[in-house]
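# Close look at the chain arrangement
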Amino acid sequence: MEKRVAVIGAGISGLLACKSIMEKGFNPIVFEARSGIGGVWSRTIESTKLQTPKSFYQFSDFAWPPSVTETFPDDKQVMEYIKAYAIHFNILPRIRFNCKVTCMDYVLHGNEDFPSWDLWGGTGWPFSPTGRWNVTVQDARDPTAPVEVYQLDFVILCIGKYSDLPNIPDFPLNRGPEVFNGKVLHSMDYAAMANDCAADLVANKRVTIIGFQKSALDIAAAVANRNGVDHPCTLIFRTVHWIVPDYFLALTLKSLNRFTEFMVHKPGQGFFIWLLAVLLSPLVTSHSASCDSCMQPVIQLTPYNVWFQLWIVIKLGEAYLKRKQPLKKYNMVPEHGFLETDIFMHVHSVAGQFL
């Protein structure tokens, strides 16, 4: 009997999961609550761009089209790329749009006990010999429509980190949005609006944004572009993070590779390059490796070498950012170093819109 497999969510992870399952010979069903694919990229702010160089943000078996020449494509280019991927691998016919999963139950035959919840299928295998998943699906366009229940052998959740659930704090009584004379809106709701509607909403208004992460900066850029200096946008935040220009991130990634070249002596090198190689030689461990016609030294970088290289590049970057941006003037120099927190937790922001 053919095993029934389902994927919940048609974002990037859901598309990849569906393609992988198809390659293994299954006929998966993909449930998507929205009317289109793309996940977070299907609802973005007008100023949103990719904050990772596109060469580091692409499918391994489907390259970016030559027409996309920007290092950091905008949201429309990213969506076109995702759609092209889904069409190329014939994923779209597998997707059931406007189908919102409201409940999942694991059902065993009779009065059997589940062997172990710590293992797939209770036994360590993806498919249980006895149990099945009952997945309840509702029409997202009509909450009054009757639900459908699908019995499945395996379910993959690709619903994202937040899954359309806005993180709104609990306010004390009479100290929350109800006492504010203006409009209070979460960034998810703002991103879900059409660009022209969002522009009309903030036009000629005093807008305050709480937060200092990617969504906050994207909205600030959109509002600033719409209202200019006559109606400035205000950011309120608890912790300052590094704002990295888009060109700086691409340059940093290249520098981490190019820096290693200075550790090696080269034929015909000048005095400065020779001196630099001598000074950096303690970081290099070399040994002889045979090749077809000669013995050549091979560079080995230990974890300490890599850490030191990264530390040098990041510290130079911090000095550049402090000089390039008016951080001290506005008391926005982060208390932590870029190397200590932001680069590892990925809480820095790439914001070419501001710089």
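These remarks concern the structure in this document.

Reading the values: rules and limits
- Residues numbered from 1 in each chain as written.
- Predicted model: local features only at pLDDT ≥ 70, side-chain atom pairs only at ≥ 80, totals over all residues.
- Heavy atoms only, no water.
- Pairing = 2+ DSSP bridges.
- Helix = DSSP H or I, 4+ residues; strand = E, 2+ residues; numbered from the N terminus.
- Axes fitted to C-alpha atoms, helices over the stretch in contact; angles between N-to-C directions.
- Core = buried A, V, L, I, M, F, W, Y, C linked by side-chain atoms within 4.5 Å.
- Buried < 20%, exposed > 50% of the residue type's maximum accessible area, 1.4 Å probe, protein only.
- Contact = heavy atoms within 4.5 Å.

This part covers the sheet that holds strand 5 (residues 132-139). Read across the open sheet, the 3 strands follow the order 4-5-6; overall the sheet is antiparallel. This sheet does not close on itself; its edge strands, each paired only once, are strand 4 (99-107) and strand 6 (148-152). For this sheet, the mean inter-axis angle between neighbouring strands, taken without regard to orientation, is 25 degrees. Two strands pair when backbone bridges link them, and strand 4 and strand 5 are joined in this way by 8 bridges, in the antiparallel orientation. When the bridges of strand 5 are listed, Cys99 appears paired with Asp139.

Turning to the nonpolar core, a few remarks are in order. Core analysis: the biggest nonpolar cluster contains 25 residues, and Leu15, Ile37, Ile82, Ile91 and Ile95 have the highest contact counts within it. Counting only elements with at least two residues in this core, the list comes to strand 1 (5-8), helix 1 (12-23) and helix 2 (75-88). Ranked by residues supplied to this core, first place goes to helix 2 with 6 residues. Beyond its immediate sequence surroundings of up to four residues, Ile91 is in contact with Leu15, Cys18, Lys19, Tyr85 and Ala86. Counting 12 residues, the second-largest nonpolar core is a separate cluster that includes Ala191, Ile209, Ile219 and Val223.

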